[in-house]
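Listed here are the chains, written in short residue letters.
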Amino acid sequence: MKNTAHTDKKEFQVYKEFSGLTRIFHWIRAFSIFGLIFTGFYIAYPFLQPDSSAQPTNFLQAYVRSWHLFLGFALIGVSIFRVYLFIFDRASHPERISFFQCLSPKVWFDQIKVYLWLGKHPHIQGAYNPLQFVTYFCLAVLVLLISLTGVVLYYNVYHNGLGALLETCFKWFEVLCGGLANVRLIHHLLTWAFIIFIPVHIYMVVWNSLKYPNGGADAIISGLRYKKDLKV
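Note that this is a predicted model, so its numbers are computed, not measured.

### Thoughts on the side chain of Thr39
Here is step 1: Within the secondary structure layout, Thr39 lies in helix 1 (residues 20-44).
Here is step 2: Within the structure, the side chain of Thr39 is placed 2.8 Å from the backbone oxygen of Gly35, a separation counted as a polar contact.

### What about the packing of aromatic side chains?
Here is step 1: One pass over the structure, following the stated rule, counts 16 aromatic pairs.
Here is step 2: Centroid distance Phe73 to Tyr154: 5.3 Å. Interplanar angle 90 degrees. Geometry classified as edge-to-face. Of this pair, Phe73 sits in helix 2 (residues 60-88) while Tyr154 sits in helix 5 (residues 130-155), and the two are 81 residues apart along the sequence.
Here is step 3: The partly exposed category is assigned to Phe73, whose relative accessible area is 34%.
Here is step 4: Of the residues examined, Tyr154 reaches a relative accessible area of 14% and is grouped as buried.

### Here we look at the packing of helix 1 against helix 7 (residues 180-211)
Here is step 1: It is the contact of helix 1 with helix 7, at a shortest axis distance of 11 Å, that shows an interaxial angle of 130 degrees. As summarised for this structure, helix 1 and helix 7 are arranged oblique, according to the angle between their axes. Relative to helix 7, helix 1 is oriented so that their crossing is left-handed. Contacts from His26, Ile33, Phe34, Ile37, Phe41 and Ala44 of helix 1 reach helix 7 at Arg184, His188, Thr191, Trp192, Phe194, Ile195, Ile198 and His201.

### Details of helix 4 (residues 105-115)
Here is step 1: Looking only at helix 4, the buried set comprises Val107, Asp110, Gln111 and Val114. Down the axis of helix 4, the sector holding all buried residues measures 100 degrees, keeping them to one side. More than 90 degrees from the buried face of helix 4, the exposed residues found are Pro105 and Phe109.
Here is step 2: The secondary structure elements touched by the buried residues of helix 4 are helix 3 (93-101), helix 5 and helix 7.

### Describing the environment of Gly35
Here is step 1: Of note, Gly35 is situated in helix 1.
Here is step 2: On the basis of relative accessibility, which here comes to 18%, the residue Gly35 falls in the buried class.
Here is step 3: Spatially, the C-alpha atoms of Gly35 and His68 are 7.3 Å apart, while their sequence positions differ by 33 residues.

### Some details on a nonpolar patch on the surface
Here is step 1: Taken together, the side chains of Leu21, Ile24, Ile28, Phe81, Val83, Tyr84, Ile87 and Phe88 present a nonpolar region at the surface, about 740 Å² in accessible area.
Here is step 2: Elements with a minimum of two residues in the nonpolar patch: helix 1 and helix 2.
Here is step 3: Counting residues per element, the nonpolar patch draws most heavily on helix 2, at five residues.
Here is step 4: Relative to the elements of secondary structure, Ile28 occurs in helix 1.

Cut-off values and rules
- Residues numbered from 1 in each chain as written.
- Predicted model: local features only at pLDDT ≥ 70, side-chain atom pairs only at ≥ 80, totals over all residues.
- Heavy atoms only, no water.
- Helix = DSSP H or I, 4+ residues; strand = E, 2+ residues; numbered from the N terminus.
- Polar contact = N/O pair within 3.5 Å; in protein donor to acceptor, adjacent residues only side chain to side chain.
- Phe/Tyr/Trp six-rings, centres within 6.5 Å; stacked < 30°, edge-to-face > 60°.
- Buried < 20%, exposed > 50% of the residue type's maximum accessible area, 1.4 Å probe, protein only.
- Axes fitted to C-alpha atoms, helices over the stretch in contact; angles between N-to-C directions.
- Parallel < 35°, antiparallel > 145°, perpendicular 65-115°, else oblique.
- Left-handed = near helix turned anticlockwise from the far one by under 90°.
- Contact = heavy atoms within 4.5 Å.
- Arc of directions from axis to C-beta.
- Patch = residues over 30% accessible without salt bridge, like charges linked within 9 Å, V, L, I, M, F, W, Y side chains within 5 Å.
- Areas by Shrake-Rupley, 256 points an atom, 1.4 Å probe, with all protein chains shown as cover.
- Salt bridge = Lys/Arg side-chain N within 4 Å of Asp/Glu carboxyl O.

Printed below as a string of structure tokens:
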């Protein structure tokens, strides 16, 4: 989709960069990750104490665990569908183009110069520059690994129904990690990887939006990106 927007001196082309589903899934994953970090740390160290009661109703740990499981399966489901959209959705074409720009040493060099304040922003054809694409790919790998470790921890608590099915499918991963204790440790370390990624991601999005105000941060809300019309 391409429209034309006018200002006093410049003409811009408006591109649909992210589809509606892509934007919705982004925010579902974002809120899920925030919720999983909080509930995960609480499960590991229950720092809240409900009021004492003679009735067996103060199951705060169980409630927090339930939310952790709900958010975890939401993250897994959305991430699987997100991969499907990236590969097959016609509206995700700008994202697929970004992959081929990772193969260009010149684009890599020009983009690094931008982040070092040594050059102008290169002309990017896709939705992401090479550094962004590699970063988001690594994030997808992190989501995959933390999902696998989470599934192993799940079926070691819930042995029937879905837990039994997941154990049949993913027992190999538990063995590969060297046992349940290692799985829990890896799950915890991966959580810290997300904690490091989040502020860096927010900083870089804000930095790009301020330095190049062409729809950077708000593109994931509106789906639109503005580019100068080179024909003008």
